[in-house]
Amino acid sequence: MKQSLQNLKPLEALWVAVLVISVVGVTMIGFGWMPHLSIILVLCGLMVYGRIRGIRFQDMQQQMAAGVMSGIGAIYLFFFIGLLVSALMMAGTIPTIMYYGFDLISPRYYYLSAFLLTSIVGIAIGSSLTTCATLGVAFIGMSQAFQADPAIAAGAIVSGAFFGDKMSPLSDTTGIAASIVGIDLFEHIRNMMYTTVPAFALTALFLWLLAGNTGGSIDSITSIQNQLQQSGLVHWYSLLPLAVLLVLALRKVGAIYTIMTTIAVALPLTYLHSKPGVGELGNWFFNGYTPAVDLGDVGRLISRGGISSMFFTQTIVVLALSMGGLLAALGVLPALLDGIRHLLHSAGRVTFAAASTALGVNILVGEQYLSLLLAGETFKSVYDKLNLHPRNLSRTLEDAGTVINPLVPWSVCGVFISHALGVPVLDYLPYAFFCYLCLLLTLLFGFSGITLSRKEN
């Protein structure tokens with residue numbers, strides 16, 4: 001947690017928080033502003049507020065920088081994800097997935113297929129963002145041929161990717177949630193099944209009921225497949241980089257090293273069918289892959305990736321983390337957390353408070369890691385006093401923190417996914433059933449006491 005530069009009363013902190021949410025909501029939803037402008041406006045207002053309270057600008061700037069440093073790993077990772085998407089495009093991995101996907105997926109059950117397959121891959125690699133950037137991009141590409149609603153398809157992709165992220169032992173958020181409360185990783189995963197399995201089943205049911213909304217013709221599918229073949233990228237061996245990615249992830253190799261190795265495997269495959277010059281290769285890595293021939297709609301679908309495609313995401317992440325550091329430094333977040341502790345006298349109340357805190361940090365700061373860390377540190381002692389096992393808290397953190405982040409338009413995951421898939425957060429939000437079903441179920445179980453476990457004496 002960042003150093004607080006002043007002590008606020010909870011009521012004043014609440015007013016500041018409400019004002020921040022109102023400004024961001026009105027400017028983004030009401031005026032259609034880009035999130036960068038909304039957050040910069042909030043930062044300006046907070047800095048003016050800090051100066052009125054007698055805090056030096058240098059001190060506020062230092063805490064904003066500290067906020068950015070807390071997420072510097074994710075910022076660096078985005079560079080490598082941009083390179084990875086380009087590599088998987090020019091090696092033919094994503095186009096090949098799309099090509100064979102048309103043969104394996106029925107247009108009628110397209111949304112359900114997207115959910116199930118992204119769930120499997122998400123568990124295997126433990127990264128929701130990587131799943132969305134690879135398999136998710138492929139499914140969004142296929143949705144056009146299936147005449148599927150891209151918003152529903154994106155909701156299914158996000159649901160599957162975050163199911164995998166939440167339940168994978170390779171996931172960093174899963175590890176953080178378990179470690180912050182001091183329990184075994186696999187104990188945490190097993191306990192999460194009480195809310196995750198019902199949410200998974202209900203999501204599958206809802207997407208199955210939406211199956212009738214798709215109706216692509218065989219002719220349109222064949223046309224897209226022919227265009228993909230014309231690109232010269234569709235080969236069975238093009239799936240080798242994906243296999244390497246999955247194997248390294250399962251062996252718990254670090255994300256950046258996994259991506260570097262996957263790119264290294266993709267490069268020889270690129271030269272097998274494209275033979276680009278060094279200058280052209282560098283351009284693809286920076287600006288994204290573009291096919292050499294005009295492929296119509298398919299050309300636009302596979303022209304993706306590159307470091308430059310990550311700039312939008314990285315800049316919004318820097319601003320969001322700066323806002324989080326400033327809110328903590330001004331005493332807003334600490335005062336909000338301290339102001340509610342005395343009200344917590346039952347399992348239902350503490351579950352609601354912990355979930356609300358994780359949810360609120362996601363909305364205020366847009367950062368899922370901070371939502372886990374702040375809520376976990378704040379409520380560990382409260383759960384202990386109520387004789388509730390800490391695995392109840394770790395489950396609540398994931399249900400209200402990890403899977404909610406992609407539903408916040410200015411959050412790290414929300415910005416990245418909406419940019420990668422080309423679907424705004426507010427468009428896919430109603431169809432990301434899994435994400436908000438987890439939150440609803442954890443609240444229901446908290447107030448009813450179902451699946452809550454007590455500490456062993």
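Residues numbered from 1 in each chain as written. Predicted model: local features only at pLDDT ≥ 70, side-chain atom pairs only at ≥ 80, totals over all residues. Heavy atoms only, no water.

Some points on the overall build of the protein chain
Selection rule: A run of H or I in DSSP becomes a helix once it reaches four residues, and a run of E becomes a strand once it reaches two; helices and strands are each numbered from the N terminus. As a reference, a globule follows 2.2 Å times the number of residues to the power 0.38, and the radius of gyration itself is taken over C-alpha atoms. Only protein chains enter the area calculation, which uses a 1.4 Å probe; residues under 20% of their type maximum are buried, those over 50% are exposed, and those in between are partly exposed. Reported accessibility uses the Shrake-Rupley method at a 1.4 Å probe radius. Residues are deemed covered only where the shown protein chains occlude them.
Secondary structure assignment for the protein chain yields 23 helices and 0 strands. The C-alpha atoms of the protein chain give a radius of gyration of 23 Å, which matches the 23 Å a tight globule of 457 residues would have. For the protein chain, the spread of C-alpha atoms along the three principal axes comes to 65 × 50 × 40 Å. Within the protein chain, buried positions represent 57% of all 457 residues. About 18,300 Å² of surface is accessible on the protein chain, with carbon and sulfur atoms providing 66% of the total.

Things to note about a nonpolar patch on the surface
Counted only if it meets this: Patches draw on residues past 30% relative accessible area with no salt bridge. Two like charges within 9 Å are joined, as are two nonpolar side chains (Val, Leu, Ile, Met, Phe, Trp, Tyr) within 5 Å. Salt bridges, as used here, are contacts in which a Lys or Arg side-chain nitrogen is within 4 Å of a carboxyl oxygen on Asp or Glu.
Taken together, the side chains of V26, F31, W33, M34, L37 and L41 present a nonpolar region at the surface, about 580 Å² in accessible area. Looking at where L41 falls in the secondary structure, it is placed in helix α2 (residues 35-52). Classification of L41 as partly exposed rests on a relative accessible area of 39%.

Points about helix α4 (residues 72-90)
Our working definition: How far a helix is expected to stretch is found by multiplying one less than its residue total by 1.5 Å.
Here α4 contains 19 residues, and its C-alpha end-to-end distance of 28 Å stays within 8% of the 27 Å for a straight helix at 1.5 Å per residue. Along α4, the residues classified as buried are I75, F78, I81, G82, L83, L84, V85, S86, A87, L88, M89 and M90.

Things to note about the layout of surface pockets
The condition that has to hold: Here a cavity is any set of points on a 1 Å grid over the protein atoms alone where a 1.4 Å probe fits but cannot get out, and a pocket is any open set with protein on both sides within 12 Å along at least 5 of 7 lines; a residue lines the site when it has an atom within 4 Å of a point. Grid points are joined across faces, edges and corners, and a volume is the space filled by probe spheres set on the points. Polar here means any residue outside two lists: the nonpolar Ala, Val, Leu, Ile, Met, Phe, Trp, Tyr, Cys and Pro, and the charged Asp, Glu, Lys and Arg; Gly therefore counts as polar.
Taken as a whole, the largest pocket encloses approximately 780 Å³ of empty space. Around the largest pocket sit 37 residues that line it, and L77, D172, T173, A255 and Y369 are the ones nearest its centre. Those elements that provide at least two residues to the lining of the largest pocket are α4, α7 (128-145), α9 (172-181), α12 (240-250), α13 (255-273), α19 (368-385) and α21 (412-421). With 6 residues, α19 is the largest single contributor of residues to the lining of the largest pocket. In terms of residue class, the lining of the largest pocket is built from 19 nonpolar, 12 polar and 6 charged. As a volume, the second largest pocket reaches approximately 520 Å³. Along its surface, the second largest pocket is lined by 22 residues, and L14, L336, I340, S356 and T357 are the ones closest to its centre. Taken together, the elements giving at least two residues each to the lining of the second largest pocket come down to α1 (10-30), α17 (332-338) and α18 (347-365). Ranked by residues supplied to the lining of the second largest pocket, first place goes to α18 with 9 residues. A per-class count over the lining of the second largest pocket returns 17 nonpolar, 4 polar and 1 charged.

Quick notes on the confidence of the model for the protein chain
Put simply, the rule is: pLDDT is a residue-level measure of predictor confidence that goes from 0 to 100.
Put simply, the protein chain has an average pLDDT of 84, and 95% of its residues get 70 or more. Mean pLDDT across the secondary structure elements of the protein chain bottoms out at helix α15 (residues 297-302), with 72, and peaks at helix α23 (residues 433-448), with 94.

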